Amino acid sequence: MAQTNVNYKTLNEEQQQHKIMAEGHDYEANEVEDTPRSSGVLLHTVPEINRARWNHIEDLDSFFTRMYHYHQKHGFVIIVLEEFFQLIEFAFVVWLVTFAVHCINHDVLFGNRPPPDNHTKITFDDVIIPMDVCVDNFNGITYSILFVAALYLLIRTIKVLYHISQYWDIKKFYNTALHIEDGNLDNVTWHEIKKKVREVQAEQHMCIDKDHLTDLDIYHRILRFKNYLVALMNKNLLPVRFTLPVVGEVVTLSRGLLFNIDLILFRSPGSPFQNNWQLHDDYSVRGNQRELANRLSKLILWVAIANLVFAPVIFIWQLVYFSFTYANILKKEPGALGMRTWSNYGRLYLRHFNELDHELDARLNRAYEYADRYLNSFSSPLLAVIARNILFITGGMLLLILAMGIYDEYVFQVEHVLTLITLLSAIGLVCRNCIPNENLIWCPEQLMNAILAHVHYLPANWKNQAHTSMVRNEFGNFFQFKASYFINEILSPFVTPFQLLFVFRPKALEIVKFFRSFTVSVRGVGNVCSFAQMDVRKHGNPEWQPEEMSSLHADVPVGEKMQTAGNNGKTELSLLRFTLTNPEWQMPPEAVQFVNGVRQNAINDLSKLKKKEFTLNPLTESLISFGTIGNEYSSIAKSLIFHHNAMHNGEEGMMGQNQNHCQCYFEQMLQQGLGEHSRMQDNMSMSRRMMGGTDNARILGASKMVGSTNGPSQSLICSLYGPASAACDKPQDLTEADMCLSVLYLHEMHHKTVQENPLFIAEGDGRGDSNQPQDPDTDVRIARPGTSTATIVTTARSDSAAAETTPLLGLRS
């Protein structure tokens, strides 16, 4: 009877409850309430439609991650095609390399031997070796490579089929639970997906530990490990910086290194995490951190050795893969190598806590033009002179070859003449990139402010130093040439083992301390990085907070606070961004106090503007920087000043020229912004928007939109305008604009706080950097030139005190 749709039980309540629990989670309390009763018998009917299909999902991390990827990758069909095409690409590369080595008669192809029939014209039959003869040419090495490739292809095929089955389950979830068809995915924002998921949780309890899921819970599940990596980067514990004897300091973070770090810390059998949501129990035991560090050190050693053994194979594969991928692009556009891209190091450094990939891409894409113009504005006079002369010589040689080729086409049949033409063209392209634009306007500070407004994180000591080569070189690590990116990736198989051995392995003890110090248990989520909680009381930095928050840090020594605080305002800025893009999230009291304090400080700064003069304070300096980003932002900045003037002058009864004196002065300051070149760029951007490209969301579809379509419920700009403001009529644009102004304002507040409080440490990229010289008996880091201020707080070293600052066993609701 247990296998039928009708189950009979006695009326004993205790036995009923025990059997319900034994039946599993598919039989819920609501189903028991609907069960009809008869004399002495309890009749339990299973619903025809399984309403508990999504009840109690064991691995919600993987489920939510697949759910996000399903939305961003446009549905089931696209995902299946991508998976199968990856298999086809791998099989094609193996076949093509084998065919090129063993199945082509190279002597005939290169003209070293005449064709078999001694005819003058070489055909494909003369060059291609028959299949049976080709197979006979295989040697032991070829058979070994083909065996390994076939084994890998088989394993990858099984993995692809498994992924397809998982995504089929996600498809059913979207279609039946969320009521979203694949054809409509591009018209649904991620914010709407989250809202529907929370509704499904309330009905079917995907997570049985909580009745309701919050936005932060979903982000924790998807970005659990990514948040740890962001925090490790923020605390300078990733092996991205090392010094070479001749080259000097090198900054690199390849995809291969990221893969190995992710494997070591989160996914291998010996990693600190025993599954997707929980640390090993050993990390909750005091006094065994040395043992854990030795265990982690051995794991890093074995992974490094494995990378070193397979480095030649990985190198050949990456060389072939990059060649096949970009050969056609480089043939049509050789200048593509001279373009720039955000490096892996830059993407991780600039990433917020709880920020998804499409949200990060949106920010960095908006900053791309300003970053490109900033780096292109630097040039070396010596290099420019050399480049002009080399360009003159290569141009003359190329012109001579082309002129003789036009006179007689037989010139192009001369051996290696096409190779020479290609080489001269490549040299000329490189030289042209080294020669500065004659019409370039020098405005590095304004460009750096525009970059900061979008990327949100730059070292504080870069302020007013954007014109220096130090800042230019450091920023070049974030935003590198594509050619450098490709070279780093291709050579990474030989570099990664040494980074793991000599840079990452010595930090094993610090990493163990980090996991023990900055891991908390959240109900319904599991173990997460405490920084991802965005707790401004625990991990906030007093330098980045308004004075109203000082009471939260009064009982904490400055040195201890700096050890637990996020660098460069990471906690505060992450909190601001999350509140803007997730307006329905219920903030904890400390977060509400911080956000309201920032807005109230801005209102106070705006109210300090006098009637007859323009006062420089953090808000007005932020508005000036904000106004130089573009025409739309400039209009908002001038509108705020005009709105304040109109209200203030109306109260005081001001008349005549003094009424707009402050606004006129502000407009003069804005006119000293990015100059004519900036206005030309803004006009180009406006023309693109008029043609239908308002922003990335409209170009790529609603699925790439950041935040709610209704905009934030509260914002800094609306607070400055006051109640009943008409500034919030464009909610999609308001989220981006408000975050830009908030970032600039927080940085100006931080700069003012550091200037007025010499006991604070002005943050730079070098704070806490393990590559800096360090006193052996104290926890003092001696800053590199230009990366920190003169005042440094000294604290006594302790092996356990810092490690137990944030207890692992702390339970967060």
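Look up a bit, the structure's there.
Model, not experiment: these values are computed from the prediction.

A. Just the overall build of the protein, in detail. Scanning the protein from N- to C-terminus turns up 32 helices and ten strands. Pairs at least 24 residues apart make up 74% of the contacts formed inside the protein by residues separated by at least 6 positions. For the protein, the accessible surface area stands at approximately 41,200 Å², while carbon and sulfur atoms represent 59% of it.

B. A look at the packing of aromatic side chains. Counted under the stated rule, the structure contains 49 aromatic pairs. With 6.5 Å between their ring centres and 75 degrees between their planes, tyrosine 283 and phenylalanine 515 make a pair best called edge-to-face. Residue tyrosine 283 is found in the loop between α12 (255-267) and α13 (289-309), and its partner phenylalanine 515 is found in helix α22 (residues 508-517); the two are separated by 232 residues along the sequence. Like tyrosine 283, the residue phenylalanine 515 is buried in the burial classification. Through pairs of rings, three or more aromatic residues link up here, namely Phe225, Tyr228, Phe266, Phe273, Tyr283, Phe353, Phe514, Phe515, Phe518 and Phe531. The ring of tyrosine 457 carries lysine 570 above its face, with NZ or CZ at 3.9 Å from the centroid.

C. Focus on the pairing of strand β9 (residues 526-529). As judged from the four bridges shared by strand β8 (residues 519-522) and β9, these two strands associate in the antiparallel manner. Counterpart to valine 520 in the pairing with β9 is valine 528. Taken together, β8 and the strand that follows it, β9, pair antiparallel across an intervening segment of three residues, in which glycine 524 is found at a positive phi of about 85 degrees.

D. How the structure looks around the side chain of asparagine 288. Tracing the backbone shows asparagine 288 in the loop between α12 and α13. For asparagine 288, a relative accessible area of 13% translates into the label buried. Look past the residues within four positions of asparagine 288 in its chain and what remains in contact with it is Asp282 and Arg516.

E. Representation of the environment of glutamine 600 in the model. Considering the arrangement of structural elements, one finds glutamine 600 in helix α25 (residues 589-607). For the pair glutamine 600 and leucine 716, spaced 116 residues apart in sequence, the C-alpha to C-alpha distance is 9.0 Å.

F. Geometry of the state of the cysteines. Taken as a whole, this structure holds one disulfide when the rule is applied. A sulfur-sulfur separation of 1.7 Å characterises the disulfide bridge that pairs cysteine 103 with cysteine 134. Taking the torsion about the sulfur-sulfur bond, which here is approximately -60 degrees, the covalent link between cysteine 103 and cysteine 134 counts as left-handed. Pair noted here: cysteine 103 is in the loop between α4 (76-102) and α5 (106-109) and cysteine 134 is in helix α7 (residues 131-136), with a separation of 31 residues, a long-range link. Judged by relative accessible area, which is 4%, cysteine 103 ranks as buried.

G. How the structure looks around the pattern of salt bridges. Following the criterion strictly, the structure yields 21 salt bridges and no others. Here arginine 224 and aspartate 61 are joined by a salt bridge, their closest N and O atoms 2.6 Å apart. Of this pair, arginine 224 sits in helix α11 (residues 224-234) while aspartate 61 is found in helix α3 (residues 60-72), placing the two residues 163 residues apart along the sequence. For the residue pair arginine 224 and aspartate 61, the accessibility class agrees, reading buried in each case. Here glutamate 291 and arginine 295 are joined by a salt bridge, their closest N and O atoms 3.8 Å apart. Taken together, the residues span about one helical turn, with glutamate 291 and arginine 295 both in helix α13 at a distance of four residues. Of the residues examined, arginine 295 reaches a relative accessible area of 33% and is grouped as partly exposed.

H. Structural view of the packing of helix α17 (residues 381-407) against helix α18 (residues 417-434). Relative orientation of the contacting elements α17 and α18 amounts to 150 degrees, with a least axis distance of 9 Å. As the angle between them shows, α17 and α18 are arranged roughly antiparallel. The handedness of the crossing between α17 and α18 is left-handed. Side by side, α17 and α18 meet where Leu383, Ala384, Ala387, Ile390, Leu391, Thr394, Met397, Leu398 and Ile401 of the first sit next to Val417, Leu420, Ile421, Leu424, Ser425, Ile427, Gly428, Cys431, Arg432 and Cys434 of the second. Of the residues in the contact of α17 with α18, the class split is 15 nonpolar, three polar and one charged.

Conventions adopted
Residues numbered from 1 in each chain as written. Predicted model: local features only at pLDDT ≥ 70, side-chain atom pairs only at ≥ 80, totals over all residues. Heavy atoms only, no water. Helix = DSSP H or I, 4+ residues; strand = E, 2+ residues; numbered from the N terminus. Contact = heavy atoms within 4.5 Å. Areas by Shrake-Rupley, 256 points an atom, 1.4 Å probe, with all protein chains shown as cover. Phe/Tyr/Trp six-rings, centres within 6.5 Å; stacked < 30°, edge-to-face > 60°. Buried < 20%, exposed > 50% of the residue type's maximum accessible area, 1.4 Å probe, protein only. Lys NZ or Arg CZ within 6 Å of the ring centre and 35° of its normal. Pairing = 2+ DSSP bridges. Disulfide = S-S within 2.5 Å. Salt bridge = Lys/Arg side-chain N within 4 Å of Asp/Glu carboxyl O. Axes fitted to C-alpha atoms, helices over the stretch in contact; angles between N-to-C directions. Parallel < 35°, antiparallel > 145°, perpendicular 65-115°, else oblique. Left-handed = near helix turned anticlockwise from the far one by under 90°. Nonpolar A, V, L, I, M, F, W, Y, C, P; charged D, E, K, R; others polar.

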